[in-house]
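# Analysis of the macromolecular model
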Amino acid sequence: MKKFVDESWLVLAMGVVFAALLAATHTGLNDRIKANEVEALNQAIEEVVPGVETKEQIEIEETGAGDETAVYKCLDADGNLVGWAVQAAGPGFIDKITLVAGLSREGDRLTGIKPIKHTETPGLGNKIDVKDELNFYPLQYAGRSTAAPFELFKERVRDAKDTNRIEAITGATYSSQYVMEIVNDVITRIRPQLAEHR
Amino acid sequence: MADEDNGSNLQQFKEGVLSNNPVLVQLLGMCPTLAVTNSVENALVMGAAATFVVVMSNLITSALRNLIKPHVRILIFTLTIATFVTIADLTLKAFMYKVSLQLGAFIPLIIVNCMIICRAEVVAIKNGVGRSLADAFGIGIGFTLALLILGVVREWLGSGTITFPFADPISVMPAAFTANGHNWIIMILPPGAFLTLGVVVGISNQIRARREKGGAA
């Protein structure tokens, strides 16, 4: 026993001290980090649901694949419903992708999507992000009907607004597929539950 | 054990920045170098984070050097480095959220950056706090400098901008460069990273070779 303590006391002591240091840092900074995440979410919601002033979270029965699913009723300054925002997450090519999907008031159309957290391949998979007009992928979801799940195509179908055809970034990017699956999850599992919260 | 008295602390510092630069001479820490130099902002923040970690790691290792038994030293180095990388990660998430998302997984990967554990093993475990700190700052600044050079080249040619932390991107190329898609997108992609690094290491080798020839003559 003495030999054990002799050899390892420093490691154990440092372990305890560093653990305390990390706990203190985490406690001190956690509020700020959460605030940053909320701000990113609010910014995304403002981008995908036009006219929103405030939001209120609603409880839904069946959540999506990840437990990050959150559904918000989007209201304007007078408290009228202008749309819905769904934060949903799902597996991506590298790690989890979290995005916000905006739905119209009746829930029959997507008003847009915006990935808010992802680690997809720079220059390739990360074109799922809304950077500028060069990134057509997320912009093509705006205005699409939510009647049927989307399907991925390599051909140029981005302007086919009346169909459920989504154009992939390239034929080889899984990121396009994963984002589409998250959106499909939103429109099949979550959208039907919105009606009762109107 | 006496301190390795080959030169002063200032010399140790200068070596870390120039003649023993971790990226351009020792060719260590290539992974973050290639991955996060797609913008100046990312390069500088990564450099600052890595400098913080190597300074704290050297400081603690050096202060405790007489207590660290040889067969647990790697464990202790890793414990120390992991702790301070996590602190840096949390700090970035709190105060520079957007950049921390851009850097993504590469901040936690500082833990496995060879150059940091190398300094602990080669310098900090054998030298006093003064020498170890000089070394850590030298290596950290050398790393940041190398990343900065790559970041400037890649962002300039790849995006037509230069972005400093806490500021908006500064356009450094005429509007036609990016508007018509003439910017060299390859520079922001991995091949551009390798190409730029190859050229910069080549130039740095040339400069060092000339210096040595000049000194010997």
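Residues numbered from 1 in each chain as written. Chains lettered and ligands numbered in written order. Predicted model: local features only at pLDDT ≥ 70, side-chain atom pairs only at ≥ 80, totals over all residues.

### Details of the overall build of chain A
Along its length, chain A carries 3 helices and 7 strands. Helices (α) and strands (β) of chain A occur, in sequence order from the N terminus, as α-β-β-β-β-β-α-β-β-α. Over its C-alpha trace chain A gives a radius of gyration of 21 Å, far above what one expects of a compact globule, namely 16 Å for 198 residues. If one aligns the C-alpha atoms of chain A with their principal axes, the spans along those axes are about 75 × 45 × 30 Å. (Helix = DSSP H or I, 4+ residues; strand = E, 2+ residues; numbered from the N terminus. Rg over C-alpha atoms; globule rule 2.2 N^0.38 Å.)

### Description of the nonpolar core
By size, the foremost hydrophobic cluster in this structure holds 45 residues, and its most contacted members are Met46, Ala49, Val53 and Ala88 of chain B. For this core, the elements supplying multiple residues, two or more each, are α3 (40-63), α4 (73-95), α5 (97-103), α6 (114-124), α7 (129-159) and α9 (190-216) of chain B. Apart from the residues lying within four places of it in its own chain, the contact partners of Val53 of chain B are Ile81, Phe84, Val85, Ala88, Ile110 and Ile116 of chain B. Core analysis: the second largest hydrophobic core is formed by 38 residues, Leu99, Ile128, Tyr178 and Ile187 of chain A among them. (Core = buried A, V, L, I, M, F, W, Y, C linked by C-beta atoms within 7 Å. Buried ≥ 20, exposed ≤ 12 C-beta atoms within 10 Å, placed from the backbone. Contact = placed C-beta atoms within 7 Å.)

### Let's talk about the pairing of strand β3 (residues 81-91) of chain A
Residue and element names in this part refer to chain A. Burial of β3 is extensive: 9 of the 11 residues sit out of reach of the surface. In the sheet, strand β2 (residues 70-75) pairs with β3 via 6 bridges, with the strands oriented antiparallel. Each residue of the ladder has a partner; that of Leu75, found in β3, is Leu81. Hairpin remark: β2 followed by β3, antiparallel, with 5 residues in the connecting loop; positive phi at Gly79, about 85°. With 8 bridges joining them, β3 and strand β4 (residues 96-103) adopt antiparallel strand pairing. When the bridges of β4 are listed, Ala88 appears paired with Leu99. (Pairing = 2+ DSSP bridges.)

### Observations regarding the interface of chain A and chain B
Facing the 20 residues of chain A at the interface are 22 residues of chain B. By residue number, the principal contributor to the side of chain A that touches chain B is helix α1 (residues 2-48) of chain A, which donates 16 residues. For the side of chain A that touches chain B, a count of residues per class yields 10 nonpolar, 7 polar and 3 charged. (Nonpolar A, V, L, I, M, F, W, Y, C, P; charged D, E, K, R; others polar.)

### Structural notes on the packing of α1 of chain A against α4 of chain B
At their nearest, the axes of α1 of chain A and α4 of chain B sit 8 Å apart, and the two run at 10° to each other. If you check the angle between α1 of chain A and α4 of chain B, you find them roughly parallel. Across the contact of α1 of chain A with α4 of chain B, the residue classes tally to 14 nonpolar, 7 polar and 2 charged. (Axes fitted to C-alpha atoms, helices over the stretch in contact; angles between N-to-C directions. Parallel < 35°, antiparallel > 145°, perpendicular 65-115°, else oblique.)

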